[in-house]
Amino acid sequence: MSQENVDILLRAAEVFDAGDIDRYLADFIAPEIEWRTAAEDPDAGTHRGRDAFRRYIEQWMDSFDDLRAEPEDWIDVDDEHVFAWTHWSGRGRTSGVDAAWNLGIVYTIRDGRVVRGEEYFDRSEALKAVGLEE
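Residues numbered from 1 in each chain as written. Predicted model: local features only at pLDDT ≥ 70, side-chain atom pairs only at ≥ 80, totals over all residues. Heavy atoms only, no water.

### Focus on the side chain of N5
Reasoning step 1: Relative to the assigned elements, N5 resides in helix α1 (residues 2-17).
Reasoning step 2: Not counting residues within four places of it along the chain, the set of residues in contact with N5 comprises D79, E80, V82 and I109. (Helix = DSSP H or I, 4+ residues; strand = E, 2+ residues; numbered from the N terminus. Contact = heavy atoms within 4.5 Å.)

Given below as structure tokens:
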């Protein structure tokens, strides 16, 4: 079951990278999504529901030109959880400065859609959150 979840997330990443946010939300994100940003994020918080999650995504897309997410590692943890280590990059829309960072996300998937996401800038911390150690 969990490899199926990894496959769902791979397809979701393709749709996201294509910029089709409507399809990304409709096909891969549950209406009751709960998304927790990394504690170190300047706007750290929890976004509940598709509308709130859309606003969060759109803030990032508005902040960066050519925002790209390149998944580097996937671990199917169990029937509901997948760990993803993703390289993000883009050019600051206001500053014009290139930016790149890695982000760990622990996804909870039910019935083929993401119901929860938890972001981590620290890979070890993210793995520990799902009971794994490096």
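### Side note on the environment of G112
Reasoning step 1: When you line up the elements, G112 lands in the loop between β5 (98-110) and β6 (113-120).
Reasoning step 2: Separated by 108 residues in sequence, G112 and E4 have C-alpha atoms that sit 8.5 Å apart.
Reasoning step 3: Apart from residues no more than four positions distant in its own chain, G112 is found in contact with I8 and D27.

### Description of helix α2 (residues 21-28)
Because each turn of an α-helix spans 3.6 residues, side chains separated by three or four positions end up pointing in the same direction.
Reasoning step 1: I21, Y24, L25 and F28 are the residues of α2 that are buried. Considered in projection along α2, the buried side chains sweep an arc of 110 degrees and stay on one side of the axis. (Buried < 20%, exposed > 50% of the residue type's maximum accessible area, 1.4 Å probe, protein only. Arc of directions from axis to C-beta.)

### Quick notes on helix α3 (residues 50-63)
Reasoning step 1: Look at α3: 20 Å from first C-alpha to last across 14 residues, which is about the 20 Å you get at 1.5 Å a residue.
Reasoning step 2: Buried within α3 are the following residues: A52, F53, Y56 and I57. On an axial view of α3, the arc spanned by its buried residues comes to 140 degrees, and they lie on one face. Facing away from the buried surface of α3 by more than 90 degrees, the exposed residues are D51, R55 and D62. (Expected span 1.5 Å × (residues − 1).)

### Concerning the side chain of E119
Reasoning step 1: As for its placement among the helices and strands, E119 is situated in strand β6.
Reasoning step 2: For the buried E119, no salt bridge is present, and the opposite-charge side chain at shortest range is R36, 7.9 Å distant.
Reasoning step 3: A polar contact of 2.7 Å, which involves the side chain of E119, links it to the side chain of W35.
Reasoning step 4: One polar contact links the side chain of E119 to the main-chain amide nitrogen of A38, over a distance of 3.4 Å.
Reasoning step 5: Apart from residues lying up to four places away in sequence, E119 is in contact with W35, R36, T37, A38, D41, Y56, L103, G104 and I105. (Lys, Arg positive; Asp, Glu negative; His and termini not counted. Salt bridge = Lys/Arg side-chain N within 4 Å of Asp/Glu carboxyl O. Polar contact = N/O pair within 3.5 Å; in protein donor to acceptor, adjacent residues only side chain to side chain.)

### Brief notes about the confidence of the model for the protein chain
Reasoning step 1: On average, residues of the protein chain score 92 in pLDDT, and 99% of them reach the 70 mark or higher.
Reasoning step 2: Per-element confidence in the protein chain ranges from a low mean pLDDT of 89 for strand β3 (residues 64-76) to a high of 98 for strand β1 (residues 29-36). (pLDDT = per-residue confidence, 0-100.)

### Quick look at the packing of aromatic side chains
Reasoning step 1: Going through the model one piece at a time under the given rule, you end up with nine aromatic pairs.
Reasoning step 2: Ring centres 5.4 Å apart and planes at 65 degrees place the aromatic pair F16 and Y24 in the edge-to-face group.
Reasoning step 3: Relative accessible area serves as the criterion here: at 11%, F16 is assigned to the buried category.
Reasoning step 4: Taking the relative accessible area as the measure of exposure, Y24 reaches 8% and is therefore buried.
Reasoning step 5: An aromatic cluster is defined as three or more aromatic residues linked by ring pairs; in this entry it consists of F16, Y24, W60, F64, W88 and W101.
Reasoning step 6: Of note, R36 hangs over the ring of Y120, and the distance from its end group to the ring centre comes to 5.1 Å. (Phe/Tyr/Trp six-rings, centres within 6.5 Å; stacked < 30°, edge-to-face > 60°. Lys NZ or Arg CZ within 6 Å of the ring centre and 35° of its normal.)

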